[in-house]
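# Residue-level structural notes
Each chain, letter by letter, is given below.
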Amino acid sequence: GEKVEQHESTLSVREGDSAVINCTYTDTASSYFPWYKQEAGKSLHFVIDIRSNVDRKQSQRLIVLLDKKAKRFSLHITATQPEDSAIYFCAADMSNYNVLYFGSGTKLTVEP
Amino acid sequence: GGIITQTPKFLIGQEGQKLTLKCQQNFNHDTMYWYRQDSGKGLRLIYYSITENDLQKGDLSEGYDASREKKSSFSLTVTSAQKNEMAVFLCASRETGVDTQYFGPGTRLLVL
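Residues numbered from 1 in each chain as written. Chains lettered and ligands numbered in written order. Predicted model: local features only at pLDDT ≥ 70, side-chain atom pairs only at ≥ 80, totals over all residues. Heavy atoms only, no water.

## Considering the interface of chain A and chain B
Listed per partner, the contact involves 19 residues of chain A and 20 residues of chain B. Summed over both partners, the interface of chain A with chain B comes to about 1600 Å²; 52% of that surface belongs to carbon and sulfur atoms. Here chain A and chain B share one salt bridge between them. Counting every contact that joins chain A to chain B gives four residue pairs in polar contact (both at pLDDT 80 or more). Going through the elements one at a time, β4 (32–38), β5 (44–51) and β10 (100–102) of chain A are the ones with two or more residues in the side of chain A that touches chain B. With four residues, β5 of chain A is the single largest residue contributor to the side of chain A that touches chain B. Considering only residue class, the side of chain A that touches chain B consists of 10 nonpolar, seven polar and two charged. (Contact = heavy atoms within 4.5 Å. Buried area = accessible area lost by both parts, 1.4 Å probe. Salt bridge = Lys/Arg side-chain N within 4 Å of Asp/Glu carboxyl O. Polar contact = N/O pair within 3.5 Å; in protein donor to acceptor, adjacent residues only side chain to side chain. Helix = DSSP H or I, 4+ residues; strand = E, 2+ residues; numbered from the N terminus. Nonpolar A, V, L, I, M, F, W, Y, C, P; charged D, E, K, R; others polar.)

Below, the structure is given as structure tokens:
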């Protein structure tokens, strides 16, 4: 089955800097790549996604890049704020029923 | 808007015990999912259901049963709780034709 590797288990940035979280996947059939945010003690909250028919998507301060050749995708958070501090999970899906395979999570800390 | 409710919030069981977790959603979504989250790991799919009375196994289905009694509810049973098991079980739902999964608040399981 699909395997998703999330390369940074922890990431610390200064407020206002950019943060980048990288993920790789194994199955070339994967076509949908969402990102979720989990704040301390809370459940997962969808933040942004990208489909395989594009290589870049932006929503306000969030940018997702997809490199299908390298089977790699990344989340860029620009102008970070303390409220961006959370665990971020990447995921990949290759099915029609949105069966997601998750990375192990990156704990992002934004220091004031 | 809608909401996903999971009961109970906390579940403490004994080794070998059969334990049932419940999930309700009022989004009127067709597809529902059960994931397990272990500390420091990503989410792993246990079961999903694309409609009432449908069940599909995920990668982690061994040791679990599930039941989709009606469109709005999806139950998960741990058939025999393992000693020292500790995890969070997350329920999610999705509307047909839309990629985004919405997650419930989770049930925290501890087996003594």
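Still to come is the rest of the account.
## As for the pattern of salt bridges
Pairing is possible between side chains that carry opposite charge, provided their charged atoms lie close to one another. In this structure the tally under the stated criterion is eight salt bridges over all chains. Note that D49 of chain A is salt-bridged to K57 of chain A, the shortest N-O span being 2.7 Å. Assessed through its relative accessible area of 10%, D49 of chain A is described here as buried. Looking at K57 of chain A, the relative accessible area reads 35%, which means it is partly exposed. A salt bridge links D38 of chain B to R44 of chain B; the nearest nitrogen and oxygen atoms lie 2.7 Å apart. R44 of chain B sits in the partly exposed class, given a relative accessible area of 32%. Taken together, the shared-partner salt bridges connect R36, D38, R44 and E85 of chain B into one network. (Buried < 20%, exposed > 50% of the residue type's maximum accessible area, 1.4 Å probe, protein only.)

## Points about the side chain of S61 of chain B
The topology assignment puts S61 of chain B in the loop between β6 (56–57) and β7 (64–70). Ignoring any residue separated from it by four or fewer positions in sequence, one finds S61 of chain B in contact with I46 and Y47 of chain B.

## Things to note about the nonpolar core
Grouped together as the largest cluster of nonpolar side chains are 42 residues, with contacts concentrated most on W35, F73, L75 and F102 of chain A together with Y35 and F103 of chain B. Those residues in contact with L75 of chain A that sit more than four places away from it in its chain are A19, V20, I21, W35, I48, L62, I63, V64 and Y88 of chain A. Counting residues in hydrophobic clusters, the runner-up holds 20 residues, among them M32, I46, L76 and L109 of chain B. (Core = buried A, V, L, I, M, F, W, Y, C linked by side-chain atoms within 4.5 Å.)

## A few points about the pairing of strand β7 (residues 62–67) of chain A
All names here are of chain A. Bridge analysis of strand β6 (residues 56–59) against β7 gives four bridges, and the strand direction is antiparallel. Residue pairing across strands places R56 opposite L65, the latter belonging to β7. Here β6 hands over to β7 after two residues, with Q60 in that stretch at a positive phi of 55 degrees. Two strands pair when backbone bridges link them, and β7 and strand β8 (residues 72–77) are joined in this way by six bridges, in the antiparallel orientation. Paired with I63 across the bridge in β8 is H76. (Pairing = 2+ DSSP bridges.)

## Overview of unusual backbone geometry
Residues and elements named next belong to chain B. A cis geometry characterises the amide bond from T7 onward to P8, with omega recorded as -10 degrees. Inspection of the secondary structure assignment puts P8 in the loop between β1 (4–7) and β2 (10–13). If you check the backbone angles, N28 has positive phi at about 65 degrees while not being a glycine. Among the structural elements, N28 can be located in the loop between β3 (19–25) and β4 (31–37). Under the relative-accessibility criterion, N28 is labelled exposed at 55%.

## As for the environment of V54 of chain A
Residue and element names in this part refer to chain A. Tracing the chain through its elements places V54 in the loop between β5 and β6. Its relative accessible area of 34% is what places V54 among the partly exposed residues. With 32 residues separating them in the primary sequence, V54 and A86 have C-alpha atoms 27 Å apart. The contacts of V54, once residues within four sequence positions are left out, are L66 and K68.

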